[in-house]
Structures are given as structure tokens and as C-alpha cells.
Amino acid sequence: MNTAQNTRPKQKIAILGGGVGAMTSAFQITSEPGWQDRYEVTVYQMGWRLGGKGASGRRAPHWRIEEHGLHIWLGFYHNAFRMMQQALTELNPEAAPVAVGHTPPRIAKGVFLRCEDAFEPHSYVGAYEAFDGDPTPWMMQMPTNGQKPWEGGALPSLWSYLSELVQLLLGQAGQSVHAQVYRNEHPTHHHGLIGWIKEQALELALTVEEVAVSAGLGALVLLQHLLARLAKDPAAHQARERALIESLLGHLQTWVAHEYERLDPDDLAALRHLLMVDLVVSVLRGLLVDEVLEGRPLGELDEEIRVWLKRHGAMPATLDTRINPLLRLFYDFVFAFDNGDSQDTERTANYATAPTVRTLFRMCCTYNGAIFWKMRAGMGDTIFTPLYKALAQRGVQFRFFHKVQSLGLSEDRRSIERIAMVRQVDTAGPYQPLVNVKGLDCWPAEPDYSQLSQGEALRQAVAEQGLDLESLWFRWDNAAEFELQRGRDFDTVVFGISLGSVPLLCKELCRAEPRWQTMVDRVKTVCTQGVQFWLRPSLPELGWTAPAPIVDSFLEPLDSWADMSHLLPMEVWPEGQAPRNVAYFCGALDEPPLDPQDAATPYRALDKVKAATATLTREHVRLLWPEAVDGAGALPADTVVEVYQRANVDPSERYVMSVAGSASARIKANETGFDNLVITGDWIDNGFNAGCVEAAAMAGLQAGNAVLGRPLYDGVTGQDLC
């Protein structure tokens, strides 16, 4: 036994915030064998619940699920899924294996037993396009595989990503609806290309029979042959092959542009396919020309994606967010519009190249099981309840109703000396944050006032203001200010509060360390909005006869829609009065930069959401649910059982963007410039650098590694595309 080590004081870790990044860092630290002998870990969380932007709440009497927006996990979230499976296993170690998404899901000790119970795969996805007249859905049934994201392993090489994308194009080309593009190509115009492809194939000892059908198809097949060969052995890559691939990509761009110009504008299938080919080919050409395939870090590609694609030969239609739904959905997917203005997209759309390409590659080429995975309850219930319970079981302490006011520096300005805090309310005893709904422990949509010393006064203040303890603008005079001090209360700080709060909480840090101010100036955030409908008719009765969808690029500003009716069994509705459909909508919210002094902000923002909801129900839903609307094309009020509207304008709720020119301004978890400060969240330089659960989980693992003294990327999947 090492007596000296056992008598050494434990290091006190203060984790500020309760979102994915903060919880993952706590999970990583406490996964270290013997961590209890070295550390004391305390999480400080404002309000009554964990979750950050992913927090959800249950509201009585029906215990309906209320989310911040539309939260659906992707099949490439390997780090996040792996953590969840570990947490669930710790809470119920004896669960037997079951099939993915089986019904009903198993619940024990207040949580789903495994990820197989907590998630169900979803593959029917699409985007809306408006080439002429009303928007039209472009729906796709994405392929599935037998893998599970919580068992995800090694990722492909960069060459393999390219090969898989071209294989995806060939798969689309083989479908009868797209095959006409190639059969109808102009034969004499591409005669020279056909001869050139035959010559190249002969020299490489390859057979490209498809060139007899189409020059474009032959070029894709030859490209796939070359990429597959290099994916197997990148070391065999020679300059001649690189030049040949570059020539092929250029020929394909020329072929697409020519066929697009002579296209029948009513042939949507052909138009869609050509836009897809041009987008993928332009991405491949850009990576080749900009030497990313030769080892240049992808993260250095920090231009706006349309600027980069144009520089590498994409045709104008491919670059037009009003025409190309594939491009538009990438912007809608991450709310990538300056100040949330999703109307004037040609001016405001702003998404850097590297995170766009990462998302394209990981989303299309590395998903396990299905491209999307829906949670089978609210995100709070599914994710943050088991994380909270597993961490508490390990020995992590939680301090609810503890709001950070500011971080203060030491005299030499090199470390965190104090943290100004507010104890928002006093509790009558240890606060019990969860409520049980159908066996599942859930976070309520409001605190349990009966556990609070000032409960009735707080309830009245919330009712009067229409705000609560999570709002920057909530007026509450009963809070008590105090300080956490270095040495007494903490030794190391893990700052896991999102970027929107940094200018308010970290003013001293921004003055002392210029990189912090640069990060605040260049890494942007955007407000978002969410609307949930509980409807009387079922999805087919509404007029949507296809499978339950997830769609993007619908009419602004509520441009994303997912059918979430699978959640109804987890709510409590009286027999005969239960809704038969649940629909979630979300989108960017057009709001100016944060002004903490503008007390009208939350009310003005919510009015905008209500106006957007009114436009949706009066004018837009006829395109989604034609059987539900009245003669004027509006959704009758008696169709709606309940509705929930939310404007995410508070600093820590604002979505973190990946705008052009911002990548170099991000800071790594262990490079804060302050001796005892580690940072985590999707806003740091985490290797993915986009607003999503997986980026936050990667950041949390890195923050945990920094505290533990491990290599930063130890155990982190997905650092291959940095």
C-alpha cells in the first residue's frame, strides 16, 4: 500500500453546467479506476434539472414531454452511445440481450435497461425542394446495417470515405428513376469522354462496361475502381493516379453541367440526381486539389462551404440554397444562418467547409444500424436520468439551484481563484429532482415547489413573469450570493456552460487571455425555436401516407419536421382523449445578438415563435397534412389537442454555429491558458467542431482526459477528420 498516496488530499473538481459535455467529463473522470481516492467531483447546476440545450421536462397532468427542440441522435454518435450503454449497464447489470427497438421497451430502476430499449432506428428521411411552385418532398429510405452505434469501432480511412460516397452515387444511378439520366445523355457531345475512359480503363487493366451505356456512368464506375483500390492501400497512391482522379472529377463536372442545361425542368428525379452527383464530385475534387488527401488537416478548410465548392468547380445550381435541397438541408440541420435569419439564405447561410465535410462523411458513411436513432422518451428521461443516476451511484455530488455568476482570476491572472455563485433557492432537504412516469424517472418541466423553502413565492413569480430560474431575465430577489474559493471548494474547474454565457461569466478571462476574446468574437451562436403539436388524427388521417418521416428544408422558419408519435405511450392521456399524432417542428430564430439588459427579449422571441406557428398552421401544413386542413388550407383548431412553443434565447441555450473563419479561434479542452481550468462543450476545439451531441461527448472525454493527465484524445473515436 502506498501510504503517501492515500494520505494526499483529494483534488476537488468543480464541474460547472449539466449538459452533454459536462456530464461526459464527469463520466470520464469517474471511470478511472480508484478515482474516489484521488478526486471529489461536484456538479453545479442552475435550476432544477440537468441537460443544457438537451434538457426536457414533463408537464402534468398528462406528463407530456417538452423539449428544447427536435433532438434525434445520429448513427455515428459512437462516443455518446458508448457512454450511454455503459451508464445503463451499471444501473441494471443483469439485463438480458434483446433486439434493437423491441416493444415495449424494458424499464427497471427508473431507466431503460439498455440502448436497445432506449432508442429505435429511423431511416425514412428527406428534404423539401421548391424548384417551381409549392415545395415537393424528396424522400429517401436510407440503407440499414446490422451494426449498433454503441458498439461502433474503427472508422474508415479518408480514401474509404470517398469510395463509399461514390458507391452511394452508383447505387442511386442504378435505381430506375435515376437511370434515365444516363440513358438520355447527349451521345455525340460526350463521344470524346467515352473514348478517353476506355483508354484509361485499358491502361489500368480495368473493365468499365457501363461506358457503353453512358459516359457519365462510365466515369463514375472508373472513379469508384480507382478510389476503392487506393482505399485498400493508400501507400500505393502514385502521382499518375492522382492526376487521373482529378481529370475524372473535372470530366464529371463538365458532364453534369451539360446534362443539367438540357434537362427537362419537370424531371425532378434527374434534376435531384445531377445535383447530388455535382455536390459529391465537387467535394472530392476540393479535397484532392487542396491536398487533404495528401495529409493536410481537414480543419484548415475554413472557407464558407459554398465559396469552397465554387472554387472547385461546382455549378451555380448546386450552390444555390433556394434550388439545391441537399445543400440547404445541411444549413437547416445546424441552424447555420447569421442571426437566425433563414429567409435571406443567399446572404445569411454560413457554414464552414471542414465541419460540413465531416458531417457529410460521418453521416453518410459511418452510421451504425440506421442513419438516425429516435429516443423512446424525452432526452432528459432517456439520457440525463441514467447519467445522473450512474454518476450519483459512483459518488458524484450534485448541487441544483446553483447558478454561476462569474469566474475570478488569481493575482497573477494565470488560474481560477474564485467562482461567484448564486444559490437560487433553499431546499428543505437534499433535493430529489425526478418524477416517475410509467416507471421511468423523468425531469419535471418545473421544480418541485414543495421541496423548496420559498416554493410558493417562486411559483407565484414564475406564473407572473412567464419565466423561470433558467432564464437570464427572471427577476427573483430571494437568491443568496456566495463564492466558491480555490483550495477550499475546488482545485480544478471544468467549465461546461455553453459559449453564449462566456461573455457574461468569463469577462476576466477574456481580458487576461486574448484567445478567449477572439473565440467569443469569431465563434457565433444562434437562437432557435421549437413547436410541438399533439393532434387528434393519426399521421395517415392527416394525409401523410408514407412512413413516419424526418424532413428538413421545409418552409421557413419552422423548416424541420419529425413525426414523434412513437412517444405517446410514454405520456399519460385519459382513455378516449389521447392524441394520435405528435409532431415536432424547429428552426432558427431571427434574433439580434444577446443584450442582457433587454428584458423584453424572451417575450419578443416567444411572440415570434407564436407568429411562426400561426403561419405554419394557416398556410404551410396543407403541404404536409392535406387531409387535415379546411377549405382555406388551414389546420382547424379542434384538430390540435395541445401545443408547446419555445424560444431558445438564453445565453446557454443558443446553438453553437460553425461559421467560416471560426475554427482557429476555438480552444482545446486543455489549452485554456489558465492552470486549473479545463473546458468542454460542442463550442471548444473538439475535433468535430459542430453543434451536436457527439461533438459535446468528444469534448467531454477530452476534458476528462485533461483532468486525469491522459493524452487528450485517449479513448475518443472520430479524431480522424480533424
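Here, every reference points to the structure presented above.
These figures come from a predicted structure and were not determined experimentally.

S.K.: Would you explain the pairing of strand β12 (residues 397–400) in this entry?
M.R.: Strand residues, when the strand is regular, have side chains that alternate between the two faces of the sheet. The side-chain alternation of β12 yields one buried face, formed by Phe398 and Phe400, and one unburied face, formed by Gln397 and Arg399. In this structure, strand β2 (residues 39–45) lies alongside β12, joined through 4 bridges in parallel fashion. Paired with threonine 42 across the strands is glutamine 397, a residue of β12.

S.K.: Explain a negative patch on the surface to me, please; I cannot follow it from the model alone.
M.R.: On the surface, Glu411, Asp412, Glu417 and Asp675 cluster together into a patch of negative charge. Of note, glutamate 411 is situated in the loop between β13 (402–409) and β14 (416–423). The exposure class of glutamate 411 is exposed, given its relative accessible area of 83%.

S.K.: What is the right way to look at the sheet that holds strand β5 (residues 73–74) in this model?
M.R.: Pairing between the strands of a sheet is mediated by backbone hydrogen bonds and can be parallel or antiparallel. With antiparallel pairing, 3 strands are arranged side by side in an open sheet as β5-β11-β8. Looking at the sheet topology across the chains shown, the edges are occupied by β5 and β8 (119–122). When β5 meets strand β11 (residues 372–375), the two strands line up antiparallel, connected through 2 bridges. Looking across to β11, one finds that leucine 74 is bridged to phenylalanine 372.

S.K.: It is not clear to me how the pattern of salt bridges should be interpreted in this structure. Could you clarify?
M.R.: Proximity of charged atoms lets side chains of opposite charge pair with each other. By the definition in use, this model includes 38 salt bridges. The salt bridge involving glutamate 259 is made with arginine 262; its shortest N-O contact spans 2.7 Å. Taking relative accessible area as the criterion, glutamate 259 reaches 4% and is therefore assigned buried. Classification of arginine 262 by relative accessible area gives partly exposed; the value is 40%. Here arginine 459 makes a salt bridge to glutamate 456, at a shortest N to O gap of 3.2 Å. With arginine 459 and glutamate 456 both in helix α17 (residues 455–465) and 3 residues apart, this pair spans about one turn of that helix. A relative accessible area of 37% means that arginine 459 is categorised as partly exposed. Via salt bridges that share partners, Arg59, Arg64, Glu66 and Glu642 belong to a single interconnected network.

S.K.: Which parts of the structure should I look at to understand the sheet that holds β13?
M.R.: Here 3 strands make up an open sheet; going across it, the order is β13-β14-β17 and the pairing antiparallel. The outermost strands of the open sheet, each flanked by one partner alone, are β13 and β17 (480–485). Averaged over all adjacent pairs, the angle separating strand axes in this sheet is 25 degrees, with direction ignored. As paired strands, β13 and β14 are joined by 7 bridges and run antiparallel to one another. Looking at β14, one finds that valine 404 is bridged to methionine 421.

S.K.: So what exactly am I meant to see when it comes to the side chain of aspartate 563 here?
M.R.: One can find aspartate 563 in strand β21 (residues 560–563). Within the buried core, aspartate 563 has no salt-bridge partner, and the shortest N-O distance to an opposite charge, that of lysine 374, equals 5.0 Å. If sequence neighbours within four positions are ignored, aspartate 563 has contacts with Lys374, Leu539, Ala548, Pro549, Asn581 and Val582.

S.K.: What should I look at first to understand the packing of aromatic side chains in this one?
M.R.: For any two aromatic rings, the description comes down to two numbers: the centre-to-centre distance and the angle of the planes. The full count for this structure, using the stated rule, is 31 aromatic pairs. Taken together, a centroid distance of 5.7 Å and an interplanar angle of 20 degrees make the contact between phenylalanine 76 and phenylalanine 688 stacked. You can see phenylalanine 76 sitting in the loop between β5 and α3 (78–91) and its partner phenylalanine 688 sitting in the loop between β25 (677–679) and α23 (693–708), a full 612 residues away along the chain. Here the two residues phenylalanine 76 and phenylalanine 688 agree in accessibility, since each one is buried.

S.K.: What's the story with helix α10 (residues 268–289) in this structure? I'm lost.
M.R.: Given 3.6 residues per turn, any residue in an α-helix points the same way as the ones three and four places further on. Helix length check: α10 (22 residues) gives 31 Å between terminal C-alpha atoms against 32 Å at 1.5 Å per residue, within 8%. Counting buried residues in α10 gives 19 out of 22 residues, a clear majority hidden from the surface. Once α10 ends, the next one or two residues include glutamate 291, with phi positive near 65 degrees.

S.K.: What should I look at first to understand the packing of helix α2 (residues 20–29) against α23 in this one?
M.R.: When two helices pack together, their arrangement is given by the angle between the helix axes and by the axis-to-axis distance. Closest axis-to-axis distance for the α2/α23 pair is 7 Å, and the angle between their directions is 40 degrees. Between α2 and α23, the crossing angle belongs to the class labelled oblique. When you trace α2 past α23, the crossing you get is right-handed. Seen from α2, the contacting residues are Val20, Gly21, Thr24, Ser25, Gln28 and Ile29; seen from α23, they are Val693, Ala696, Ala697, Gly700, Leu701, Ala703, Gly704, Asn705, Val707 and Leu708. Grouping the constituent residues of the contact of α2 with α23 by class yields 9 nonpolar, 7 polar and no charged.

S.K.: Just to check I follow, could you spell out the environment of alanine 548 for this structure?
M.R.: Following the sequence through the fold, alanine 548 ends up in the loop between α21 (539–542) and β20 (550–552). When its relative accessible area of 27% is taken as the criterion, alanine 548 is described as partly exposed. Dropping the residues within four chain positions of it, alanine 548 is found in contact with His122, Tyr124, Leu539 and Asp563.

So, how was this worked out
Residues numbered from 1 in each chain as written. Predicted model: local features only at pLDDT ≥ 70, side-chain atom pairs only at ≥ 80, totals over all residues. Heavy atoms only, no water. Buried < 20%, exposed > 50% of the residue type's maximum accessible area, 1.4 Å probe, protein only. Helix = DSSP H or I, 4+ residues; strand = E, 2+ residues; numbered from the N terminus. Pairing = 2+ DSSP bridges. Patch = residues over 30% accessible without salt bridge, like charges linked within 9 Å, V, L, I, M, F, W, Y side chains within 5 Å. Areas by Shrake-Rupley, 256 points an atom, 1.4 Å probe, with all protein chains shown as cover. Salt bridge = Lys/Arg side-chain N within 4 Å of Asp/Glu carboxyl O. Lys, Arg positive; Asp, Glu negative; His and termini not counted. Charge placed at Lys NZ, Arg CZ, Asp CG, Glu CD. Axes fitted to C-alpha atoms, helices over the stretch in contact; angles between N-to-C directions. Contact = heavy atoms within 4.5 Å. Phe/Tyr/Trp six-rings, centres within 6.5 Å; stacked < 30°, edge-to-face > 60°. Expected span 1.5 Å × (residues − 1). Parallel < 35°, antiparallel > 145°, perpendicular 65-115°, else oblique. Left-handed = near helix turned anticlockwise from the far one by under 90°. Nonpolar A, V, L, I, M, F, W, Y, C, P; charged D, E, K, R; others polar.

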